[in-house]
Amino acid sequence: PPPRALARPNPMPNGRLSALRAAHALLRSPQVREVDEAELEVLVASRTAPMVIDFYATWCGPCVLMAQELTKLGEAMGERVTILKIDVDKNENIASALKIEGLPTLILVPAEQERPAMRLEGLLPAEALADICEKEFFGAGEAAAAAAEE
């Protein structure tokens, strides 16, 4: 079998693990879509909008909090950005290939094929993610800098 991208932490009491899974299920929104490895590859290759890809695990507390922030981000950004989630325990090959070790890990993929992706690790508030998306995907930072120079 391929090496695991992540070492599973000490087992949690079943009640807490069930609560985390239930919280994750409740946080799904129309703007945030869960995909598997095969779907992810197709969607990235055929993208027409920028993407935020969340690599998470159901047992990860910060990942549950990040799910809340991604829901807020989806509401703020609407259809301008595609937000995808991929469970690293169910999709070990891609997690290993991308060297996903810390959770949550976000990969921001611009709409333009020639532009590089950006990788972020750890919990970030929706406002910070929206600022990063505006700057990286839509050049809001570049436009503001150009206006300041005039």
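Coordinates for the structure precede this section.
This one's a predicted model, so the numbers in the text were calculated from it and none came from an experiment.

1. Focus: the environment of Pro125
No. 1: In this structure, Pro125 sits in the loop between β5 (118-121) and α5 (126-138).
No. 2: C-alpha separation for the pair Pro125 and Lys72, spaced 53 residues apart in sequence, amounts to 9.1 Å.

2. Overview of α5
No. 1: Helix length check: α5 (13 residues) gives 17 Å between terminal C-alpha atoms against 18 Å at 1.5 Å per residue, within 8%.
No. 2: Those residues of α5 that are buried lie in contact with β2 (51-56), α3 (61-77), β4 (105-109) and β5.
No. 3: Directly after α5, the chain includes Gly139, whose backbone phi takes a positive value near 65 degrees.

3. Overview of the environment of Glu75
No. 1: With respect to the helices, strands and loops of the structure, Glu75 is situated in helix α3.
No. 2: Linking Glu75 and Gln31, residues 44 residues apart in sequence, is a C-alpha distance of 7.0 Å.

4. Looking at the nonpolar core
No. 1: Leu40, Ile53, Phe55, Val88, Ile100 and Leu103 are the most contacted members of the largest nonpolar core, which has 19 residues in total.
No. 2: When residues of this core are traced back to their parent elements, those giving at least two are β2, β3 (82-87), α4 (92-97) and β4.
No. 3: Among the elements that line this core, the one with the most residues is β2, at four residues.
No. 4: Discounting chain neighbours no more than four positions away, the residues touching Ile53 are Leu40, Val44, Leu84, Ile86, Thr105, Leu106, Ile107 and Val109.
No. 5: Grouped together as the second largest cluster of nonpolar side chains are 15 residues, Met66, Leu108, Ala130 and Phe137 included.

Definitions and cut-offs
- Residues numbered from 1 in each chain as written.
- Predicted model: local features only at pLDDT ≥ 70, side-chain atom pairs only at ≥ 80, totals over all residues.
- Heavy atoms only, no water.
- Helix = DSSP H or I, 4+ residues; strand = E, 2+ residues; numbered from the N terminus.
- Expected span 1.5 Å × (residues − 1).
- Contact = heavy atoms within 4.5 Å.
- Core = buried A, V, L, I, M, F, W, Y, C linked by side-chain atoms within 4.5 Å.
- Buried < 20%, exposed > 50% of the residue type's maximum accessible area, 1.4 Å probe, protein only.

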